[in-house]
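Chain by chain, the residues run as shown.
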Amino acid sequence: MANAKRVAIVGVGQSLRDTAINKKGGWKTAVVDAVYAALKDARMEPTELDGGVVNYHGEAYMGHGGLGPPLAETLGLAPIGIIPVIAQCTGGGITALTAWSQVASGLHRRVLCLAFDVDDNVHILDNYNVSNDSDWDYMAGIGHEEALALREAAYYRKYGYDLKVVARWYQSAYWYANRNPKAAYFKVPPPSMEELTREVLPGSKLPSLEANRGVAFTLGAAAWIMVPEEDAAKYPKKPVYMAGGEYCVSPALISKNIRYPTAAFEGSDLTDLPATRYAARKAYEMAGITPDDIDLAQTYSPGLAGALGLEALGICKPGEGGKFILDGQIGIEGKCPTNTNGGQIAFSLTSGSDVGDMIVESVQQLRGEVDLPARQVKNAEVAVCQGYQAIGSGSTVTVLTNRKR
Amino acid sequence: MSQFSGEWINHDMIFTTFRAWRERLGRYRLEGSKCLGCGQVWFPQRHGVCPKCHGRDLGSYQCPSTGKVEEFIIKDNPFTDLSGTHYHGRGKRVLAMIELDDGLHVAADLEDLSTADVKVGMRVRMVTRKWMRESNSNWQYGYKFVPA
């Protein structure tokens, strides 16, 4: 698979995550801002696009369905059909995979990729949990957050960590966001270590509200344009290539993430993210890399998901993600700078846009053109982006590189 | 407001009674499935295929109603009155991963106990309690667990 046909990303764009601005125009303003920024970045006219793919969290989350026609018309791109993907926080990775297939097959040559979401069209605190199995866990009151909290509790118990891990993780996110003018929490002081390590109840090892406050729910959009590798030289920016990618899944109920009785999940428990692990294995094989080649990573970041993600990506061994974070290895001078835009904690948690935001950030890092130099990873050549869907039961891993073949 | 209830009820998503009825045996008494080919047991009930051997011949299986707490969290949701989750008892709650006596796992709330009394390894038994509301304001019911 190392010889899979690569595609180039030649333009990227994002909407601001300043909620006070974005909420005036809603999702339509956000998608227009992101797409036209990507077109400008590529020096491409809208009429040059010949295909499109879009991800959003889902109809229940934003109150819109059948998005192909309204989206294309909103963007002024009709009659181009923009294929909808509905895969929550990991769908931007599926958007990239779908667009890759279109370009590599020759079906289209200039494909718009878009990932977006809106947090205030409907009551998302209820409906975003429908991303879980809604016949069982959802009805029993076990949503995305509860399932992740069970994973965290199991991780603390198995490896002997405490809330300092998640506190350091959150503070790192704020460090990056404070150096990212597009971040929702740009110039917002981070919660203190005391706030972040305060338990909801003594002995619970679960953070109180102060930590949860750190997750930056906003609406917003990310866009990027993919073309065949051989066309990359036609565009002005340093080319970045999608060299590997995969989407894998694991059982959708949190109770089935312990000793699921098939060979693929043998020995798995709540601290494991096999969907990410399998997707990473395939994506690295396609790209011809190992975890040691990774210069920076973007992972799904609320709570301890980041530590689990670093381990599933192979950047750390099982149980060592917590130490990696405590040792500062996710910082700008660390072994693997992680969530360099501030991540979902402090850049924005925009669900459908999450992996799209990771891809845009990675492209800018690999070009060496991050807006504020303080968070520029020096001499970066390989970036990975990890999506986390529902309870971690779906995951994309995307490998981007500026290396030529 | 619902015409049937004085409580504030959110109707962004309309669930029906039908889906609850389809899964009633699992929700009310932990009835799962057993593969008649390889013998693997499952909860919730499978719908026509065993993922382990891919056999299509499945029978019903009665899960044990007792087990032990393998992991738990104490959830303190501050959005109780605003979240529209329809979930009974939302607010401070104990959510546990329970290993049933046959080794199957179920995630469910623990009730009838103080949060300070929850321990990994404690014995629990299944009860039927309120889950969420249906679109007609009726409560859906399902499994929860209490100290054995």
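This text goes with the structure placed above it.
Residues numbered from 1 in each chain as written. Chains lettered and ligands numbered in written order. Predicted model: local features only at pLDDT ≥ 70, side-chain atom pairs only at ≥ 80, totals over all residues. Heavy atoms only, no water.

The helix and strand inventory of chain A stands at 14 helices and 9 strands. The C-alpha radius of gyration computed for chain A amounts to 19 Å, which stays within 12% of the reference 22 Å derived for 405 residues, consistent with globular compactness. Within chain A, the proportion of its 405 residues that are buried is 64%. Restricting the contact set of chain A to residue pairs at least 6 apart, pairs at least 24 apart contribute 77%. Summed over all atoms, the accessible surface of chain A reaches about 13600 Å², with 53% contributed by carbon and sulfur. Averaging the coordinates of the 38 positive side-chain charges in chain A and doing the same for the 44 negative ones gives two points 5 Å apart. (Helix = DSSP H or I, 4+ residues; strand = E, 2+ residues; numbered from the N terminus. Rg over C-alpha atoms; globule rule 2.2 N^0.38 Å. Buried < 20%, exposed > 50% of the residue type's maximum accessible area, 1.4 Å probe, protein only. Contact = heavy atoms within 4.5 Å. Areas by Shrake-Rupley, 256 points an atom, 1.4 Å probe, with all protein chains shown as cover. Lys, Arg positive; Asp, Glu negative; His and termini not counted. Charge placed at Lys NZ, Arg CZ, Asp CG, Glu CD.)

A few words now on the environment of Tyr176 of chain A. Residues and elements named next belong to chain A. Here Tyr176 shows up in helix α7 (residues 164–177). For Tyr176, a relative accessible area of 1% puts it in the buried group. Spatially, the C-alpha atoms of Tyr176 and Gly331 are 8.5 Å apart, while their sequence positions differ by 155 residues.

What follows concerns the packing of aromatic side chains. All names here are of chain A. Taken as a whole, this structure holds 14 aromatic pairs over all chains when the rule is applied. Measuring from centroid to centroid gives 5.6 Å for Tyr155 and Tyr161, while their planes differ by 10 degrees, and the two rings are stacked. Since its relative accessible area comes to 12%, Tyr161 is described here as buried. Look at Tyr300 and Tyr388: their rings are 4.8 Å apart centre to centre, the planes differ by 5 degrees, and that puts the pair in the stacked class. Of this pair, Tyr300 sits in the loop between β7 (296–298) and α11 (305–312) while Tyr388 sits in the loop between β8 (382–386) and β9 (394–401), placing them 88 residues apart in sequence. (Phe/Tyr/Trp six-rings, centres within 6.5 Å; stacked < 30°, edge-to-face > 60°.)

Residues and elements named next belong to chain A. Tallying each qualifying case throughout the model produces 30 salt bridges over all chains. Lys5 is the partner of Glu230 in a salt bridge, and the nearest nitrogen-oxygen pair spans 3.4 Å. Of this pair, Glu230 sits in the loop between β5 (220–228) and β6 (240–249) while Lys5 is found in the segment before β1 (7–14), placing the two residues 225 residues apart along the sequence. Taking the relative accessible area as the measure of exposure, Lys5 reaches 36% and is therefore partly exposed. Between Lys234 and Asp231 there is a salt bridge; the shortest N-O distance is 3.5 Å. Three or more residues joined by partner-sharing salt bridges are found here, namely Asp41, Lys237, Arg367 and Glu369. (Salt bridge = Lys/Arg side-chain N within 4 Å of Asp/Glu carboxyl O.)

Glancing now at the sheet that holds strand β4 (residues 111–117) of chain A. All names here are of chain A. With mixed pairing, 9 strands are arranged side by side in an open sheet as β3-β2-β4-β5-β1-β6-β9-β8-β7. For this open sheet the edge positions go to β3 (82–86) and β7, each flanked by a neighbour on one side alone. Averaged over all pairs of adjacent strands, the angle between strand axes in this sheet comes to 25 degrees, irrespective of strand direction. Pairing between β4 and β5: 7 bridges, direction antiparallel. Paired with Ala115 across the two strands is Ala222, which belongs to β5. Against the sheet, helix α4 (residues 91–105) contacts β1, β2 (51–56), β3, β4, β5, β6 and β9, and its axis sits at roughly 120 degrees relative to β6. (Pairing = 2+ DSSP bridges. Axes fitted to C-alpha atoms, helices over the stretch in contact; angles between N-to-C directions.)

Residue and element names in this part refer to chain A. Relative to the 20 Å expected for 14 residues at 1.5 Å per residue, helix α14 (residues 354–367) spans 20 Å between its end C-alpha atoms, a close match to the ideal helical length. The buried count for α14 comes to 14 of 14 residues, which makes it a mostly enclosed element. Two residues or fewer past α14, Gly368 is found with a positive phi of approximately 80 degrees. (Expected span 1.5 Å × (residues − 1).)

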